[in-house]
Amino acid sequence: MREKLSLAGLIEKVSSYSHDADFDTLKRAYHFSREAHCSQKRKEGSPYINHPLAVAYILADMKMDALSIASGLLHDTVEDAEVTMDDIKAIFGREIAFIVKGLTKLARVEFMTKQEAQAENFRKMLLAMAEDIRVMLIKFADRLHNMRTLQFLPENKQQRIAAETLEIYAPIANRLGIGWLKTELEDLSFKYLMPQLYEDLVKKVASRREEQEGYIKEVIELVGQKLREEGLTGKVSGRIKHFYGIYQKLQKQRITFEEVHDVIGIRIITGSNADCYAILGIIHSLWTPIPGRFKDYIGVPKSNMYQSLHTTVIGPRGVRVEFQIRTEEMHKLAEQGIASHWKYKEKGAIDEKSSKYISWLRDLVQGQRDVPDAVDFLEAVKGEVVPEVVYVFTPKGEVKEMPLGSTPVDFAYSIHTQIGHRCVGARISGKIVPLKYKLRNGDTVEIVTSPAHGPSRDWLKFVVTPRAKARIKQWIKAEERERSVELGIKLLENDFRKHGMSNALLKSGEILSVAKTLGVGTLEELFVAVGFGKITPHQVINRLRPGKEISEEETVRIHKSVKEHKGVSIKGIDDILYHTGKCCFPVPGDDLVGFVTIGKGVTIHRKDCPNLEKLAIEDARLVDVEWQASSEVTAGTRLYVETVDKPGILANLSALISALNINISHLEASSTQDKKSHITLILEVRDRNQLRALMHKISQMEGILRIRR
């Protein structure tokens, strides 16, 4: 049960670790926030002030300063109450105003989609975070309390917020080294995203808890006795892995819960680095270590400064046990990360040690001008917080952490954009390797460059880092834009000649006016649009010759386009042929992307379509696409279902789908020698929510092994 919240309780909590805190500012912030939110209620009906107060409590648990906690109390006042940033600045000063502004969503700005608005707000917050990490720490506290009270929101909001938390906030918490926060955010997200799986796992873990706790106690006593015999001190404790961690292991290894043998972890906290290695030797002398499961993060710390020795051994009675061995200081850093030793100078600047935590973010923010689209920027952030990494060395011996699967080209772009652009080869430990070579732990990477060289489209087939992909696409886009201007001019000149019109029109004010009626602001943008195929020369000519009717061919094409649109809006295009991709079958509610190819119109794909990488390097142009709300529209989608091969299962599956008023337009089924059935369905659904509900119901049917789109 959560503790009862009050201003007195908050002050008591802060005074327990900071006797000289600015309690006056804390009190003023609390009373100001309570007054600002006085007429508002939370979804569950409690006074709104309970939320900022809960956020303040979480910040106090993180032992933040009074100024940060005051900012937490005020974080929603500008967004949700009749308060301005000028009010905050005048009453509480510039520093608190800067933090509150970083936490306040962009208001009164029109975005094409909700996703674009969310991405732009997130980018705004990250830009503020790069200057003052407290912006992110307060946002973490805000998100954590929202996740703890998520049960009061509608299911669709629960799903959206939980997905965002799992994809963005938990990985960033991990990257900033805040282990306890990452764990709680993951488990809470798991609870709402996959409630049935979560509940099943909770019950299974609980059923084995007594047995496992007895086992942990046995191992702790054995290790403790051995440490005493060897004259070493160490605080030994045990734990059972958190639910989402167990779920990830089940998915990664494709095993059942009963087959998981290493959910038990033992942690040993000792006095020095030397003691850590000595204790490791004792563990390995007691039990057989599992090859490939030893990690020395003391010698080579993670990018979030995490340090520990990890090893997994075959413990008593053949059970796998993971050991983590670290010093007290390392443990403090592992749990609290950047929040464990933030030291602020003037204007909220963080000390040199803490700044290492967010060097990756600063590099990302520095290059964000090259990624002007907020959604692309958000995807780049997601790519920067991938958990699986390899450690490689520069020729000077500097350790660099790269995502698993990185190549020398990724490494080159991680150093500098121009080094990436000019990369022509690479040496690994002195030997020439192909540019698509996958880096391994311990590689020393030397990049060979040429000043006359530029990126190749083929690089997009094997690079994995968002930075490398963005820089290569930027280069290609600039090159394509230049060629598209030339192509657009040639296409217009050719059509002008066919209609007896002068090429001098291409430099006239008249064609500039036409460009604006077509939704582009400059002549260059018009030429690019024509070169890309987004605007046809025929459209331009028709607007230059008012009074003359559009051709019959163009009328037929427009009518066909309108008929095909089925509720899809394509930004900047009102008369171009469109169809959905048969590789990914997008439905309303999916995140979409469109590719324009001259003569072929627009093909609509899901943003997670596996063919996007291939399309991105072919002769296609990206356009913004979104679904228009319509209850009468259905879209075809494909499901793959794997089942136990037994009589009646196909009939039951068909009956379930029909009961939900979903039409089956195509069905294929086949059996395998291992007594499994593979069923492919093409269905007509209203939107992604209906599809998700259907998939959930199918997954709960007896005999269903796996289902996916």
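Residues numbered from 1 in each chain as written. Predicted model: local features only at pLDDT ≥ 70, side-chain atom pairs only at ≥ 80, totals over all residues. Heavy atoms only, no water.

Draft legend 1. Spatial organisation of the overall build of the protein chain. Each helix and strand counted, the protein chain has 28 helices and 21 strands in total. Buried residues in the protein chain amount to 48% of all 709 residues. Considering only intrachain contacts with a sequence separation of at least 6, the fraction spanning at least 24 residues in the protein chain is 65%. For the protein chain, the exposed surface amounts to about 35,900 Å²; the carbon and sulfur share of it is 50%. (Helix = DSSP H or I, 4+ residues; strand = E, 2+ residues; numbered from the N terminus. Buried < 20%, exposed > 50% of the residue type's maximum accessible area, 1.4 Å probe, protein only. Contact = heavy atoms within 4.5 Å. Areas by Shrake-Rupley, 256 points an atom, 1.4 Å probe, with all protein chains shown as cover.)

Draft legend 2. Expanded view of the sheet that holds strand β18 (residues 635-644). Within the open sheet, the 4 strands sit side by side as β19-β20-β18-β21. Their pairing is antiparallel. The open sheet has two edge strands with one neighbour each: β19 (663-671) and β21 (704-708). On average, each strand axis in the sheet is inclined to that of its neighbour by 20°, with strand direction left out of account. Sheet topology places β18 next to β21; 4 bridges connect them, and they run antiparallel. The partner of Y640 across the bridge, within β21, is R708. (Pairing = 2+ DSSP bridges. Axes fitted to C-alpha atoms, helices over the stretch in contact; angles between N-to-C directions.)

Draft legend 3. Helix α28 (residues 688-699), seen in detail. For α28, which comprises 12 residues, the first-to-last C-alpha distance of 16 Å matches the rise-based estimate of 16 Å (1.5 Å per residue) to within 8%. Every buried residue of α28 is accounted for by Q690, L691, L694, M695 and I698. Buried residues of α28, viewed axially, fall in a sector of 135°; they line one side. Where α28 starts, the residue carrying a side-chain oxygen 3.1 Å from the main-chain nitrogen of N689 turns out to be D687. (Expected span 1.5 Å × (residues − 1). Arc of directions from axis to C-beta. Polar contact = N/O pair within 3.5 Å; in protein donor to acceptor, adjacent residues only side chain to side chain.)

Draft legend 4. Fine view of the packing of helix α6 (residues 85-92) against helix α7 (residues 94-103). The geometry of α6 relative to α7 is characterised by a closest axis approach of 7 Å and an angle of 150° between their N-to-C directions. When the axis of α6 is compared with that of α7, the two are roughly antiparallel. Crossing hand, α6 versus α7: right-handed. Each of M85, I88, K89 and F92 in α6 lies in contact with α7, whose residues at this interface are R94, I96, A97, V100 and K101. (Parallel < 35°, antiparallel > 145°, perpendicular 65-115°, else oblique. Left-handed = near helix turned anticlockwise from the far one by under 90°.)

Draft legend 5. Looking closely at the packing of aromatic side chains. Counting across every chain of the model gives 8 aromatic pairs. A centroid spacing of 5.6 Å and a plane angle of 85° characterise the contact between F190 and Y198, whose relative ring orientation is edge-to-face. In this pair, the class of F190 matches that of Y198, namely buried. Aromatic side chains Y198 and F243 sit 5.6 Å apart centroid to centroid with 80° between the ring planes, which places their arrangement in the edge-to-face category. Taken as a pair, Y198 in helix α12 (residues 195-229) and F243 in helix α13 (residues 243-253) lie far apart in primary sequence, 45 residues in all. In terms of burial, Y198 and F243 fall into one category: buried. Put simply, the rings of F190, Y198, F243, Y244 and Y247 touch in pairs and so form one group of aromatic residues. (Phe/Tyr/Trp six-rings, centres within 6.5 Å; stacked < 30°, edge-to-face > 60°.)

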